[in-house]
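# A look at the structure
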Amino acid sequence: MKTTDIIQFVRKTFQEPEAFIPLHVPHFSGNEKKYVIETIDSTFVSSVGAYVNRFEEMMQGITGAKHAIATVNGTTALHLSMIMAGVKRDELVITQALTFVATANAIAHAGAQPIFVDVDKDTMGMSPDALLDFIENNTVQRGKDVFSKKTNQRIAAILPMHTFGHPARIKKLVEIANRYNIPLVEDAAESIGSYVGDVHTGTFGLMGTFSFNGNKTVTCGGGGAIITNNDDVAKHAKYVSTTAKQPHPYLFFHDEIGYNYRMPNLNAALACAQLEQLDDFIVSKRKLAQKYIDFFEGSDIVFKKEPEGTKSNYWLNAVQLKDLDNRNTFLTELNEAGVMSRPIWTLMTKLPMYQNCEHGELSQSLWLEERIVNLPSSVIGS
Ligand SMILES: *Cc1c(COP(=O)(O)O)cnc(C)c1O
């Protein structure tokens, strides 16, 4: 397939004959201005305010989780969920090598070190086989806990990620985690509006986390959320996210190390207005994905479809090129033509701060790293 045809197709689809076409931009067509002005008029712009609570209720409604805790961004949601999962300094957390750097960073923020395992080629999320293989061959069980054979550090959590909104094989991953008594947290940052069957991503593990950064499906400038069905975890997460202050009419007494991680009301106002439009956004994004599917059908470029049995939000549309040379030519030509396209992330094991971390066999991650490219995926207004 010729790249000039692809460029022409994207330009036609976005009805943009000449201008630069970004990868993903926010779409504000609802109550955004109204709600934000309301918060300014009320003076409740910071972490106390009606929109923060409303945002949490909306997240519960959308995901079906019993609790939602609003945070300042997705990275802090992940950091807090690591602490809530019981991850301590110098412990280990198993995650995937192919992910956005924030997943690994959150593990490091908790003072722990990541272990990187492979992904599945179809879902691009953590491979249950790779996870099981790593645990069976590289760890020992002592009492209730699992330790790395190599370093004798405890494996405190498992952190898979739903890549580009496509759900990973989460049921199998949770089954393995439960078998070894290791808490599992889902990095669902990219997958608001994505389901396995009719169950929302982020609700399978002990916790799930979301991001509302400017490039995500739903944005509030910066924002995040933790969802959980566990009452104790929810209560503790909210407490710790707001400096761990004991309730008292006037005294400042804090009984553990707390964080200033609660989402400000100003951002929550934007988030509520955006979440009201989530269904429309998903319809638009799935329509766009179907156009890409039809366009690439039968060509030498493989469009990455939602895994079987799942419904993806198609946050970022992704195609698979034949090899690294093809990928590089593709990226150069599209970007030069003003059609923004980006490669999938460099593997975590190749980044200087994580290159010495323990890892499993990574053939699928290496294969995808050389071939996957994202195409413009913004919501197209009607
Ligand atoms: C966006 C993203 C995050 C981080 O979210 P921020 O809100 O930018 O901090 C974490 N993990 C993944 C997979 C993401 O895509």
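Everything numeric here is computed off the predicted structure, so don't read it as measured data.

What counts and what doesn't
- Residues numbered from 1 in each chain as written.
- Predicted model: local features only at pLDDT ≥ 70, side-chain atom pairs only at ≥ 80, totals over all residues.
- Heavy atoms only, no water.
- Helix = DSSP H or I, 4+ residues; strand = E, 2+ residues; numbered from the N terminus.
- Rg over C-alpha atoms; globule rule 2.2 N^0.38 Å.
- Buried < 20%, exposed > 50% of the residue type's maximum accessible area, 1.4 Å probe, protein only.
- Contact = heavy atoms within 4.5 Å.
- Core = buried A, V, L, I, M, F, W, Y, C linked by side-chain atoms within 4.5 Å.
- Pairing = 2+ DSSP bridges.
- Axes fitted to C-alpha atoms, helices over the stretch in contact; angles between N-to-C directions.
- Near = heavy atom within 4 Å.
- Polar contact = N/O pair within 3.5 Å; in protein donor to acceptor, adjacent residues only side chain to side chain.
- Areas by Shrake-Rupley, 256 points an atom, 1.4 Å probe, with all protein chains shown as cover.
- Nonpolar A, V, L, I, M, F, W, Y, C, P; charged D, E, K, R; others polar.
- Salt bridge = Lys/Arg side-chain N within 4 Å of Asp/Glu carboxyl O.
- Patch = residues over 30% accessible without salt bridge, like charges linked within 9 Å, V, L, I, M, F, W, Y side chains within 5 Å.

### Here we look at the overall build of the protein
Looking only at helices and strands, the protein has 12 helices and 16 strands in total. Taking 382 residues into account, the globule formula puts the C-alpha radius of gyration at 21 Å, and the protein, at 21 Å, falls close to it. Counting over 382 residues, the protein shows a buried share of 56%. Long-range contacts, defined as pairs at least 24 residues apart, comprise 71% of the intrachain contacts of the protein with a sequence gap of at least 6.

### Description of the nonpolar core
One finds Phe-55, Met-59, Ile-192, Phe-210, Phe-212, Val-218 and Leu-275 to be the most contacted residues of the largest nonpolar core, which totals 30 residues. Sorting the residues of this core by element identifies α3 (50–63), β1 (67–71), β11 (224–228), α9 (265–275) and α10 (278–296) as the ones contributing at least two each. Take this core: its biggest share by element is 7 residues, from α9. Contact partners of Phe-212, with chain neighbours within four places excluded, come to Phe-55, Met-59, Ile-192, Val-218, Thr-219, Cys-220, Gly-221, Gly-222, Gly-223, Gly-224, Ala-225 and Leu-275.

### Notes on α9
Counting buried residues along α9, 10 of its 11 residues qualify, which places the element largely inside the surrounding structure. Residues of α9 that are buried include every one of Asn-265, Asn-267, Ala-268, Ala-269, Leu-270, Ala-271, Cys-272, Ala-273, Gln-274 and Leu-275, and no others. Those residues of α9 that are buried lie in contact with α2 (32–42), α3 and α10.

### Re the sheet that holds strand β14 (residues 317–320)
The strand order across the open sheet formed by 4 strands is β12-β14-β16-β15, and the pairing between neighbours is antiparallel. At either margin of the open sheet sits one strand with a lone partner, and together these are β12 (302–303) and β15 (342–343). Bridge analysis of β14 against strand β16 (residues 372–375) gives 4 bridges, and the strand direction is antiparallel. Counted as the bridge partner of Ala-318 is Asn-374 from β16. Contacts between helix α11 (residues 324–336) and the sheet are confined to β14, β15 and β16, with β16 contributing the most and set at about 20° to the helix.

### Remarks on helix α5 (residues 101–109)
The set of residues buried in α5 consists of Ala-102, Thr-103, Ala-104, Ala-106 and Ile-107. In the stretch just after α5, Gly-111 is the one whose phi turns positive, near 85°.

### A closer look at the pairing of strand β5 (residues 145–148)
Bridge count for strand β4 (residues 139–142) against β5 is 4 bridges, and the pairing is antiparallel. Counted as the bridge partner of Arg-142 is Asp-145 from β5. Hairpin connection from β4 to β5: 2 residues lie between these consecutive antiparallel strands, with Gly-143 at a positive phi of about 60°.

### Concerning the site of the ligand
Surrounding the ligand, one finds 14 residues, the nearest of these being Gly-74, Thr-75, Glu-190, Ser-211 and Lys-216. Here an oxygen atom of the ligand sits 2.7 Å away from a polar atom, N or O, in the main chain of Gly-74. Contact between the ligand and Lys-216: an oxygen atom at 3.1 Å from a side-chain N or O atom of the residue. Within the complex, the protein chains bury 93% of what would otherwise be the 380 Å² of accessible surface of the ligand. Those elements that place two or more of their residues in the shell around the ligand are α4 (74–84) and α5. Tallied by class, the residues present in the shell around the ligand amount to 4 nonpolar, 7 polar and 3 charged.

### With respect to the sheet that holds strand β9 (residues 199–200)
Across a sheet, strands are paired by hydrogen bonds formed along the backbone, either parallel or antiparallel in direction. Taken together, 3 strands build an open sheet; the order of strands is β9-β8-β13 and the sheet is antiparallel. Looking at strand neighbours, the two that pair on one side only are β9 and β13 (310–311), the edges of this open sheet. By the bridge criterion, 2 bridges tie strand β8 (residues 195–196) to β9 in an arrangement that is antiparallel. Across the sheet, the residue bridging to Tyr-195 is His-200, located in β9.

### Topic: the pattern of salt bridges
Within the structure shown, the criterion is met by 11 salt bridges. A salt bridge links Asp-120 to Arg-169; the nearest nitrogen and oxygen atoms lie 2.8 Å apart. One end of the pair, Asp-120, is in the loop between β3 (113–117) and α6 (128–138); the other, Arg-169, is in the loop between β6 (155–159) and α7 (170–179), and 49 residues separate them in sequence.

### Some details on a nonpolar patch on the surface
On the surface, a cluster of nonpolar side chains totalling about 220 Å² of accessible area is made up of Ile-40, Val-45 and Leu-266. Turning to its location among the elements, Val-45 is positioned in the loop between α2 and α3. Look at Val-45 and you get partly exposed, because its relative accessible area is 33%.

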